[in-house]
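One-letter residues, chain by chain:
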Amino acid sequence: MGTMDGIINTVSAVHPILPLIGLLKSHGKLVMVGAPDGPLELPVFPLLMGRKMVAGSGIGGMKKTQEMMDFAAKHNITADIEVISMDYVNTAIERLAKVDVRYRFFIDIGNTLAATKP
């Protein structure tokens, strides 16, 4: 049984969403804000049985994003995150399944790639 009320999925690549749906409580919501370049498989049975919902939302372009960032800075609104490297992603997913996550994971791709360059 899932433990999350909601998940905001920012992944912009084709990926399975069944594991995310499994993390949701009954009446939970999965909101898709990433835009994959291909279709995703939507398993209907887990949605029906768990009374779960999948929705989408456009997050706006660069101008709207900048306005949001300016508003957050002006009002001292910050996010609590846990920075991880790319090679920690599988462990992070395992932690999600175990409900061992307090903050949103932020994958530091730049430093991960820099560390692998000769």
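Structure report, in brief. (Residues numbered from 1 in each chain as written. Predicted model: local features only at pLDDT ≥ 70, side-chain atom pairs only at ≥ 80, totals over all residues. Heavy atoms only, no water.)

## Quick word on the pairing of strand 4 (residues 81–84)
Inspection of the sheet shows strand 4 paired to strand 5 (residues 104–107) by four bridges, in the parallel sense. Of the residues in strand 5, the one forming a bridge with I84 is I107. After leaving strand 4, the chain enters helix 4 (residues 89–97) and then returns to the sheet as strand 5, a path that is right-handed. (Pairing = 2+ DSSP bridges. Helix = DSSP H or I, 4+ residues; strand = E, 2+ residues; numbered from the N terminus. Right-handed = clockwise from strand over helix to strand, strands pointing away.)

## Thoughts on the nonpolar core
I7, I17, L20, I21, L23, L24, L30, M32 and L47 form the largest nonpolar core, which has nine residues in total. Broken down by secondary-structure element, the contributors of at least two residues to this core are helix 1 (18–22) and strand 2 (24–32). Here this core takes three residues from strand 2, the largest share from any one element. Excluding residues within four positions of it along the chain, I17 makes contact with N9, L30, M32, L40, E41, L42 and P43. (Core = buried A, V, L, I, M, F, W, Y, C linked by side-chain atoms within 4.5 Å. Buried < 20%, exposed > 50% of the residue type's maximum accessible area, 1.4 Å probe, protein only. Contact = heavy atoms within 4.5 Å.)

## Notes on unusual backbone geometry
Positioned with a positive phi, H27 is a non-glycine residue whose angle comes to about 70 degrees. You can see H27 is positioned in strand 2. H27 sits in the partly exposed class, given a relative accessible area of 47%. Even without being glycine, N76 reaches a positive phi, approximately 55 degrees. Structurally, the position occupied by N76 is in the loop between helix 3 (62–74) and strand 4. On the basis of relative accessibility, which here comes to 65%, the residue N76 falls in the exposed class.

## Focus: the sheet that holds strand 1 (residues 4–9)
Pairing in this open sheet of three strands is parallel, and the strands run 1-2-3 from one edge to the other. Looking at which strands have only one partner, the edges of the open sheet turn out to be strand 1 and strand 3 (53–56). Direction aside, the axes of adjacent strands within the sheet are offset by 15 degrees on average. (Axes fitted to C-alpha atoms, helices over the stretch in contact; angles between N-to-C directions.)

## A word on the layout of surface pockets
In this structure, the largest pocket encloses a volume near 1,100 Å³. Lining the largest pocket are 25 residues, and of these I8, T10, V11, L96 and F105 lie nearest its centre. Mapped onto the lining of the largest pocket, the elements with two or more residues apiece are strand 1, helix 1, helix 4 and strand 5. Within the lining of the largest pocket, the residues separate by chemical class into 19 nonpolar, four polar and two charged. (1 Å grid on protein atoms, 1.4 Å probe; cavity = no way out; pocket = protein on both sides within 12 Å on 5 of 7 lines; lining within 4 Å. Points joined across faces, edges and corners; volume = space filled by probe spheres on them. Nonpolar A, V, L, I, M, F, W, Y, C, P; charged D, E, K, R; others polar.)

## Considering the side chain of H15
Counting through the fold element by element, H15 comes out in the loop between strand 1 and helix 1. In this structure H15 comes out as buried when scored by relative accessible area, which is 15%. Here the side chain of H15 touches N9 through a polar contact of 2.8 Å, side chain to side chain. Separated by 2.6 Å, the side chain of H15 and the backbone oxygen of A13 make a polar contact. Discounting residues that sit within four places of it in the chain, H15 has contacts with N9, L20, M32 and L40. (Polar contact = N/O pair within 3.5 Å; in protein donor to acceptor, adjacent residues only side chain to side chain.)

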